[in-house]
Structure formats: C-alpha cells, structure tokens
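Chains, contacts and geometry: an overview
Each chain is listed here by its residues.
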Amino acid sequence: MKICFLLSLLIGIQAFGSVLGYYGIYGNIASLNPTGASQATASSDGLNYKGVRASQKMARTDLAAMNKYKRTIVEAARAKNFDPAVIAGIISRESRAGKVLRNGWGDHGNAFGLMQIDKRYHTPTGAWDSVTHVKQGSQILIDSIRAVLRKKPNWSQAQQLQGGVAAYNFGVRNVRSWGNLDGGTTHNDYSNDVIARAKYYRDNGYN
C-alpha cells in the first residue's frame, strides 16, 4: 500500500511539474491580449502593417533559427521555472534568434548573446548561445518581474509578467501604468511585441 501511495504521489508530482513546465510560476501569457509590434518595429522587416499580425510574422521569420536553440531555451526555462515561449519571444525581439549578432555581440558591442545582456549593467556569463547565458538572461527577467510585483501588487500575475518584460528593456523605474506600459520602451511597443511573439512560439512547440 505504501509503495502504491508513493508511486501515486510521484506521478502527481511529475504531472504538476509538467503543468509548471508549460508556463512556469511567473504568470501565464494566455490571459494577455498584446497589441503587438508598432509600425517602427514592423518596418525593420519591410512590413507595411503593424500589430499582432506583424509580431507573428517576425516570429515566424525567426522560427528556423530559433529552433537551433530550442533545447538550450527549454533547459534554461525548466531550470528557472519560466515560460520558454517568453524567452523565445525576447530572443526574437532582441537578436532575431542570433541572426543579427556579430561574434555574439549586438547594440554596437554593448549587448551580449541571444538575450542581449547589456555589459554596462551586467557581467555576461557563458557563451553567447549557451544555457548559462539564457539562464542569466532569464534571471534578469525574473528579477524584473519580482520588482514589478512589489511596485504593482494590484496587477494580475500575468500583468506583472508583462511589466517585467517591459522592465527588461527600460528598467523597473519606468514601469508606471498598465495603459501606457510600453511608453518609453524601444519603439514604444517592447512588451506588447514580445508577448505577441511569445504566443506564436507557444503555439509552435515552445512549451
């Protein structure tokens, strides 16, 4: 009986872990309704439209390159109890899945790796496309989410997640209101674009 109970408990823990593994413990993007990319962001791919459609198109453009790092992303996500789709969304926005980097660097030599960790504020660790790097970027993002949680305790968990994504771009001090969350981020659309891309990646195997 004890063995049966222990086996049942183990199965339950594994099942619970698989649920956590789907989107981690920091909020579920399924409840968010992002507005997607601005025209300024979309125009970098020559698109003459904006919004979620544009974000999805850019995410789809990056999918083949992203899939080269899928195991790395998923491993880092599991280690951090974080949503791999959100990590992929940030990687798509920041480095186009590594396609725009030169020797692992972007932003005029200031930002490192798939997740573009800024050397002016952090000391990058690991190779630019390694699990170590993605874990570091994910932890920076998690720290931002936790800071938003403290700053905006009345927001839903999913809103705090998106707020943390915005903060990843322009700092927690600039997270002021939900209605104008992205005001001041790059092209004034950062978190809405990233979340829209993340939804695309969740639907395409990043879960």
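Residues numbered from 1 in each chain as written. Predicted model: local features only at pLDDT ≥ 70, side-chain atom pairs only at ≥ 80, totals over all residues. Heavy atoms only, no water.

**Some details on the pattern of salt bridges**
Once the charged atoms of two side chains with opposite charge are near each other, the side chains can pair. Summed over all chains, the structure comprises 10 salt bridges. Among the ionic pairs, Asp45 bridges to Arg96, the shortest N-O distance being 2.7 Å. You can see Asp45 sitting in the loop between helix H2 (39–42) and helix H3 (52–67) and its partner Arg96 sitting in the loop between helix H5 (84–95) and strand E1 (105–106), a full 51 residues away along the chain. Using a relative accessible area of 27% as the deciding quantity, one classes Asp45 as partly exposed. (Salt bridge = Lys/Arg side-chain N within 4 Å of Asp/Glu carboxyl O. Helix = DSSP H or I, 4+ residues; strand = E, 2+ residues; numbered from the N terminus. Buried < 20%, exposed > 50% of the residue type's maximum accessible area, 1.4 Å probe, protein only.)

**Comments concerning helix H8 (residues 190–202)**
For H8, spanning 13 residues, the distance from its first C-alpha to its last is 18 Å, which sits close to the expected 18 Å at 1.5 Å a residue. Looking only at H8, the buried set comprises Tyr190, Ser191, Asn192, Asp193, Val194, Ile195, Ala196, Arg197, Ala198, Tyr200, Tyr201 and Arg202. (Expected span 1.5 Å × (residues − 1).)

**Points about the confidence of the model for the protein**
On average, the protein scores 91 in pLDDT, and the residues at 70 or more come to 89%. When the criterion is pLDDT under 50, residues 1–21 qualifies, and its contacts beyond four places in sequence or with other chains add up to 4 contacts. (pLDDT = per-residue confidence, 0-100. Contact = heavy atoms within 4.5 Å.)

**Thoughts on the sheet that holds strand E3 (residues 117–118)**
Across the sheet, which stays open at both edges, the 3 strands sit in the order E1-E2-E3 with antiparallel pairing between neighbours. The outermost strands of the open sheet, each flanked by one partner alone, are E1 and E3. Note that strand E2 (residues 111–112) and E3 share 2 bridges and pair antiparallel. Bridge assignment links Ala111 to a residue of E3, and that residue is Asp118. (Pairing = 2+ DSSP bridges.)

**So, the nonpolar core**
Judged by nonpolar contacts, the single largest core of 39 residues is most densely connected at Phe82 and Tyr201. When contributions to this core are tallied by element, the ones reaching two or more residues are H3, helix H4 (70–80), H5, helix H6 (131–151), helix H7 (157–170) and H8. If we ignore the near neighbours within four places in the chain, the residues touching Phe82 are Tyr23, Gly24, Tyr26, Ala77, Ile87, Leu141, Ile142, Ile145 and Leu161. Core analysis: the second largest hydrophobic core is formed by 7 residues, Val148, Ala166, Phe170 and Val175 among them. (Core = buried A, V, L, I, M, F, W, Y, C linked by side-chain atoms within 4.5 Å.)

**Let's talk about H3**
Taking 1.5 Å as the rise per residue, H3 with 16 residues should run 22 Å; its terminal C-alpha atoms sit 21 Å apart, in good agreement. The sharpest bend along H3 measures roughly 40 degrees and falls at Thr61. Of all the residues in H3, the buried ones are Ala54, Ser55, Met58, Ala59, Asp62, Leu63, Ala65 and Met66. Residues of H3 that are buried make contact with H2, H4, H5 and H8. (Bend = angle between axes of the 7 residues up to and from the residue.)

**Digging into the packing of aromatic side chains**
Under the definition given, this model contains 6 aromatic pairs. Taken together, a centroid distance of 5.5 Å and an interplanar angle of 80 degrees make the contact between Tyr200 and Tyr201 edge-to-face. Plain terms: the ring middles of Tyr201 and Tyr206 are 5.6 Å apart, the flat faces sit at 70 degrees to each other, and that makes the pair edge-to-face. Here Tyr206 falls in the buried class, since its relative accessible area comes to 0%. Here the aromatic residues Tyr200, Tyr201 and Tyr206 are joined through ring pairs into a cluster of three or more. One residue, Arg53, lies across the ring of Tyr49, its end atom 3.7 Å from the ring centre. (Phe/Tyr/Trp six-rings, centres within 6.5 Å; stacked < 30°, edge-to-face > 60°. Lys NZ or Arg CZ within 6 Å of the ring centre and 35° of its normal.)

**Some words on the packing of H7 against H8**
With their axes 8 Å apart at the nearest point, H7 and H8 run at an angle of 120 degrees to one another. Between H7 and H8, the angle falls in the class oblique. Along this stretch, H7 crosses H8, giving a crossing that reads as right-handed. In this structure, H7 contributes Gln162, Val165, Ala166, Tyr168 and Asn169 to the contact, and H8 contributes Tyr190, Ser191, Asn192, Val194 and Ile195. Each residue belonging to the contact of H7 with H8 can be placed in one class, and the counts come to 6 nonpolar, 4 polar and no charged. (Axes fitted to C-alpha atoms, helices over the stretch in contact; angles between N-to-C directions. Parallel < 35°, antiparallel > 145°, perpendicular 65-115°, else oblique. Left-handed = near helix turned anticlockwise from the far one by under 90°. Nonpolar A, V, L, I, M, F, W, Y, C, P; charged D, E, K, R; others polar.)

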